[in-house]
Amino acid sequence: MLCTEGAWERILPMIKLLDCLRFSKLTSMSYLPCFHGIIFLTILSSSFAQKAPDVSKLDPAMGVNKAAAENLEWHDVTQWGIEGRILPDQERKRWFDRLPASAEGKVTPAVWSLSRDSAGMMVRFMTDASAIHVHYKVMKSNLGMPHMPATGVSGVDLYARDKDGKWKWVQVTKPATQEVKAEIIKGLAPGLREYAAYLPLYNGTEFLKIGVAKGSKFEGLAPRGKPIVFYGTSITHGACASRPGMVHTGILGRRLDTPVVNLGFSGNGRMDKAVGDYLVQIDASAYVIDCLPNMQPEAVREKCVPLLKQLRAAKPETPIVLVEDRRFTNDWITPDKNQFHTNNHAALKAAYEALIKEGVKGLSYIPGDSLYGDDTEGATDASHASDLGFMRQAEIFEPVLRKVMAK
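What counts, and where the lines are drawn
Residues numbered from 1 in each chain as written. Predicted model: local features only at pLDDT ≥ 70, side-chain atom pairs only at ≥ 80, totals over all residues. Heavy atoms only, no water. Pairing = 2+ DSSP bridges. Helix = DSSP H or I, 4+ residues; strand = E, 2+ residues; numbered from the N terminus. Axes fitted to C-alpha atoms, helices over the stretch in contact; angles between N-to-C directions. Expected span 1.5 Å × (residues − 1). Buried < 20%, exposed > 50% of the residue type's maximum accessible area, 1.4 Å probe, protein only. Contact = heavy atoms within 4.5 Å. Salt bridge = Lys/Arg side-chain N within 4 Å of Asp/Glu carboxyl O. Polar contact = N/O pair within 3.5 Å; in protein donor to acceptor, adjacent residues only side chain to side chain. Core = buried A, V, L, I, M, F, W, Y, C linked by side-chain atoms within 4.5 Å. Phe/Tyr/Trp six-rings, centres within 6.5 Å; stacked < 30°, edge-to-face > 60°. Lys NZ or Arg CZ within 6 Å of the ring centre and 35° of its normal.

### Digging into the sheet that holds strand S5 (residues 167–172)
Taken in spatial order, the 5 strands make up an open sheet running S5-S4-S7-S2-S9, and their pairing is antiparallel. Every interior strand has two partners, whereas the edge strands, S5 and strand S9 (218–221), have only one. Sheet twist, expressed as the average angle between the axes of neighbouring strands with direction ignored, equals 30 degrees. Here strand S4 (residues 157–161) runs beside S5; their pairing, made up of 5 bridges, is antiparallel. For Leu158, the partnering residue across the bridge sits in S5 and is Gln171.

Laid out in structure tokens, this is it:
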């Protein structure tokens with residue numbers, strides 16, 4: 001039997017151990033067949049063991065981004081501001097936190113911790129550079145998750161406007177370390193154009209700089225006002241988009257050409273009054289309340305009406321959109337989950353109808369049954385959207401938001 005390189009180095013110590021035991025009075029001979037078996041299995045497994053190939057060497061496109069060029073001009077995005085960062089004049093623990101420092105101790109510890117992820121944040125700039133680089137660092141060392149790639153969890157996702165003013169994707173970073181200093185793309189067509197870079201979804205951002213060649217034109221674009229504010233769960237947070245720009249909130253921001261705020265808190269979007277206290281401080285063009293996946297029907301009945309009255313009291317004219325939870329894509333074969341969604345939907349619909357009956361104006365409602373589509377293919381793990389599921393949600397949200405924002 002042939003062994004691969006290095007196999008004998010692993011096997012020989014075991015053979016020597018067996019020889020020692022064979023002549024030891026402390027060892028019963030009855031154990032020797034066991035040791036013989038261990039050695040045989042070790043030799044057998046070693047003979048077939050192969051070192052996993054580095055796929056990036058076979059296909060360079062599967063590797064990390066090329067290192068940033070030397071002698072670039074670096075532009076710190078904090079110098080002109082970033083969209084998706086609410087109440088920018090309030091003190092922050094870290095500049096890229098989604099909630100101000102005052103939220104610590106007011107919102108739940110879980111919401112506070114999750115608010116330190118940079119989900120939904122997007123920075124805009126103009127440049128005529130032929131290559132664009134980024135230098136950034138993320139807070140957490142876990143760059144990806146078992147069901148969500150590092151590009152979505154910890155990547156920076158670049159878009160640009162084409163000649164007709166439409167947002168189109170350009171490239172994303174493929175992080176392998178917490179600090180990334182890399183070329184996103186080179187060989188760009190000549191011309192001055194607007195770019196947008198989306199920040200990591202499930203990681204915090206420590207700093208972010210945009211790098212271009214010296215002599216290139218560059219202008220940071222200030223954040224636009226009156227965003228659509230989304231308050232929701234892990235799905236709103238971005239699970240499990242392959243890239244930060246593929247969350248439905250980002251898709252809608254590009255389609256409607258409007259800023260968005262992503263206040264998705266994974267597992268903890270529960271219509272909390274403490275979060276509402278920050279929602280009402282935002283000069284929003286619309287509120288989208290999409291918390292049902294993290295709630296039971298009893299909690300919906302308890303908390304939905306008070307939250308919407310809290311918003312309406314502070315913002316009499318701002319549209320509010322209520323969203324039913326999506327159905328698990330395997331709820332057709334899991335009766336308990338199917339019934340849970342049905343009960344949750346009924347609780348939200350009852351709250352909505354009670355508010356309408358009381359004369360509360362400016363409310364809209366999005367059913368959840370088809371948010372991921374009707375073919376069971378819109379989720380990564382039955383619960384969290386794939387890129388396909390996010391695109392389908394955006395298709396359903398878009399006409400509702402266009403209508404309420406046109407009023």
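There's plenty left to go through after this.
### Digging into helix H10 (residues 335–357)
With 23 residues, H10 should cover 33 Å at 1.5 Å per step; its first-to-last C-alpha distance of 33 Å lies within 8% of that length. Turning to H10, its buried residues number three or more, namely Phe340, His341, Asn344, His345, Ala347, Leu348, Ala351, Tyr352 and Leu355. In this structure, the buried side of H10 is in contact with helix H9 (297–314), strand S13 (320–323) and strand S14 (363–366). Positive phi appears at Gly359, one or two residues downstream of H10, with a value of about 95 degrees.

### Some words on the pattern of salt bridges
Under the defined criterion, the tally for this structure stands at 24 salt bridges. With a closest N to O distance of 3.2 Å, Glu83 and Arg124 form a salt bridge. Of this pair, Glu83 sits in the loop between strand S1 (72–76) and helix H4 (109–114) while Arg124 sits in strand S2 (residues 122–127), placing them 41 residues apart in sequence. Residue Arg124 is classed as buried on the basis of its relative accessible area of 10%. Arg301 is paired through a salt bridge with Glu298; the nearest N and O atoms lie 4.0 Å apart. Here Arg301 and its partner Glu298 are both found in helix H9, 3 residues apart, which amounts to about one turn of the helix. A single burial state applies to Arg301 and to Glu298, both of which are exposed. The structure contains a network of salt bridges with shared partners spanning Glu83, Arg124, Arg161, Glu194, Arg224 and Asp257.

### A closer look at the side chain of His345
Its location among the elements puts His345 in helix H10. In terms of polar contacts, His345 uses its side chain to reach the backbone carbonyl oxygen of Asp325, at 2.7 Å. Excluding anything up to four places from it in sequence, His345 contacts Leu292, Glu324, Asp325, Arg327, Tyr365, Gly368 and Asp369.

### Side note on the nonpolar core
Formed by 41 residues in total, the largest nonpolar core has its most connected members in Leu99, Met271, Leu279 and Ile289. Broken down by element, the residue count for this core peaks at 6 residues, all from H9. With near-sequence residues (within four places) excluded, Leu279 lies in contact with Val229, Tyr231, Leu263, Tyr287, Ile289 and Leu311. Core analysis: the second largest hydrophobic core is formed by 36 residues, Ile228, Phe230, Phe390 and Phe397 among them.

### Some remarks on the sheet that holds strand S6 (residues 179–185)
Note on sheets: strands pair through backbone hydrogen bonds, and any given pair is parallel or antiparallel. Spatial ordering of the open sheet is given by S1-S8-S3-S6, a layout of 4 strands whose pairing is antiparallel. Each edge of the open sheet carries a strand with a single partner, namely S1 and S6. Neighbour-to-neighbour, the strand axes of the sheet open up by a mean angle of 25 degrees, direction not taken into account. Pairing geometry for S1 and strand S8 (residues 205–213), over 5 bridges, is antiparallel. Among the inter-strand pairings, Asp76 is bridged to a residue of S8, identified as Lys209.

### Comments concerning the pairing of S6
Within S6, 5 of the 7 residues are buried, leaving the element largely enclosed by the surrounding structure. Sheet topology note: the strand S3 (residues 132–138)/S6 ladder contains 6 bridges and is antiparallel. Among the inter-strand pairings, Lys137 is bridged to a residue of S6, identified as Glu179.

### Some thoughts on the environment of Gly276
Considering the arrangement of structural elements, one finds Gly276 in helix H8 (residues 273–279). As for Gly276 and Leu311, which are separated by 35 residues in sequence, their C-alpha atoms are 7.1 Å apart. When sequence neighbours within four positions are dropped, the list of residues in contact with Gly276 reads Leu307 and Gln310.

### Details of the packing of aromatic side chains
For the structure on display, the rule yields 7 aromatic pairs. Taking the centre distance of 5.7 Å and the plane angle of 65 degrees together, the rings of Trp80 and Phe218 count as edge-to-face. Residue Trp80 is found in the loop between S1 and H4, and its partner Phe218 is found in strand S9; the two are separated by 138 residues along the sequence. Like Trp80, the residue Phe218 is buried in the burial classification. Between Phe125 and Tyr195, the ring centres sit 5.5 Å apart and the planes meet at 15 degrees, which makes this aromatic pair stacked. Taken as a pair, Phe125 in strand S2 and Tyr195 in strand S7 (residues 193–198) lie far apart in primary sequence, 70 residues in all. We note that Phe125, like Tyr195, is buried. Among the aromatic residues, ring-to-ring pairing joins Trp80, Phe125, Tyr195 and Phe218 into one connected group. The cationic tip of Lys349 hangs over the ring face of Tyr365; the distance from NZ or CZ to the ring centre is 5.2 Å.

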